[in-house]
Amino acid sequence: MTGGPDFDAPVFRAVGEAGLLVELGDCIDDLANRRVLALDAAVAASPPPGFREAVPAYASLFIAFDPLLSDHAAVERHVRALQPGAVARFDEGPVRTIAVSYEEAVAPDLAAAAEALGLDRHELVQRHLAGSYRVYMCGFAPGYAYLGTLDERLRLPRKPAIVRDVPAGSVIIAGAQCIVTTLSMPTGWWVIGRSDARLFDPSAANPFLLAPGDR
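Residues numbered from 1 in each chain as written. Predicted model: local features only at pLDDT ≥ 70, side-chain atom pairs only at ≥ 80, totals over all residues. Heavy atoms only, no water.

Chemist: Report on the overall build of the protein, specifying residues and quantitative values.
Modeler: When its secondary structure is counted, the protein shows four helices and eleven strands. Taking the principal axes of the C-alpha coordinates as reference, the protein spans close to 55 × 35 × 30 Å. Buried residues in the protein amount to 46% of all 215 residues. Considering only residue pairs separated by 6 or more positions, the protein has 60% of its internal contacts joining residues 24 or more positions apart. With an accessible surface of roughly 10900 Å², the protein has 53% of that area assigned to carbon and sulfur atoms. Here the protein carries 19 positive and 26 negative side-chain charges, and the mean point of each set is 1 Å from the other. (Helix = DSSP H or I, 4+ residues; strand = E, 2+ residues; numbered from the N terminus. Buried < 20%, exposed > 50% of the residue type's maximum accessible area, 1.4 Å probe, protein only. Contact = heavy atoms within 4.5 Å. Areas by Shrake-Rupley, 256 points an atom, 1.4 Å probe, with all protein chains shown as cover. Lys, Arg positive; Asp, Glu negative; His and termini not counted. Charge placed at Lys NZ, Arg CZ, Asp CG, Glu CD.)

As structure tokens, then:
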């Protein structure tokens, strides 16, 4: 992607005394997320005064700064000055292949999800395998990458009850999103498979397999 974020109507919101949220959209959208990642790259290349870190999400970028060195107005002016022509080029990340098992023993919700969707198990699996997913953001837990978007025929609301102790490596879906869990945790998402890929390895030089923009 060349060019920069949509500066026609960004929304700036103060977050406490040391943060600024820059909103470039309000939904899960590929173009908005590309603009967020382009802005993230631009801020990294030309940080505002007192810059501490930037955290990209689906359609927004959170910028943390030192309130003793800067303020919300100064950071906003800096971001607005990053005109599209000056925004760093955002290159898509690498393509990763993640093996998944859909065997019943590791996919406790596959049958129920298929029934709720009006599909048989085989079609659900084939539709999931046929998808091409993009890492929109990371959060909630270490290495926890939010992937999208799911085939529209695979979209379900979250389950009415949360299940505890869902194993690491579980492939879970809800709405338009898919995640491979990195820790044992509770979830209300549908568990349709499991992967032995290590998305989070704290002993590695780079502990995270996936980053925003990867596919």
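Chemist: Provide a residue-level description of the pairing of strand β2 (residues 19–23), including the pertinent values.
Modeler: Of all five residues that make up β2, five are buried, and the element is covered over most of its length. Note: strand β1 (residues 11–15) against β2, five bridges, orientation antiparallel. Counted as the bridge partner of phenylalanine 12 is valine 22 from β2. The antiparallel hairpin formed by β1 and β2 contains three residues in its connecting segment, where glycine 16 sits at a positive phi of about 65°. Judged from the five bridges that link them, β2 and strand β4 (residues 60–65) form a sheet pairing that is antiparallel. Directly across from leucine 21, in β4, lies its bridge partner phenylalanine 62. (Pairing = 2+ DSSP bridges.)

Chemist: Tell me what's going on with the pattern of salt bridges, and back it up with residues and numbers.
Modeler: Two side chains bearing opposite charge may form a pair once their charged atoms approach each other closely. Applying the stated criterion to the full structure yields nine salt bridges. A salt bridge links arginine 34 to aspartate 30, with the nearest nitrogen and oxygen atoms 2.6 Å apart. With arginine 34 and aspartate 30 both in helix α1 (residues 30–45) and four residues apart, this pair spans about one turn of that helix. Residue class for aspartate 30 comes out partly exposed when judged on its relative accessible area of 28%. Across the salt bridge formed by arginine 127 and glutamate 123, the nearest N and O atoms sit 3.0 Å from each other. Placement of the pair is arginine 127 and glutamate 123 together in helix α4 (residues 121–130), with a separation of four residues, close to one helical turn. Here arginine 127 falls in the partly exposed class, since its relative accessible area comes to 26%. Overall, the relative accessible area of 30% leaves glutamate 123 in the partly exposed class. Through salt bridges that share partners, Asp30, Arg34 and Arg134 make up one connected network. (Salt bridge = Lys/Arg side-chain N within 4 Å of Asp/Glu carboxyl O.)

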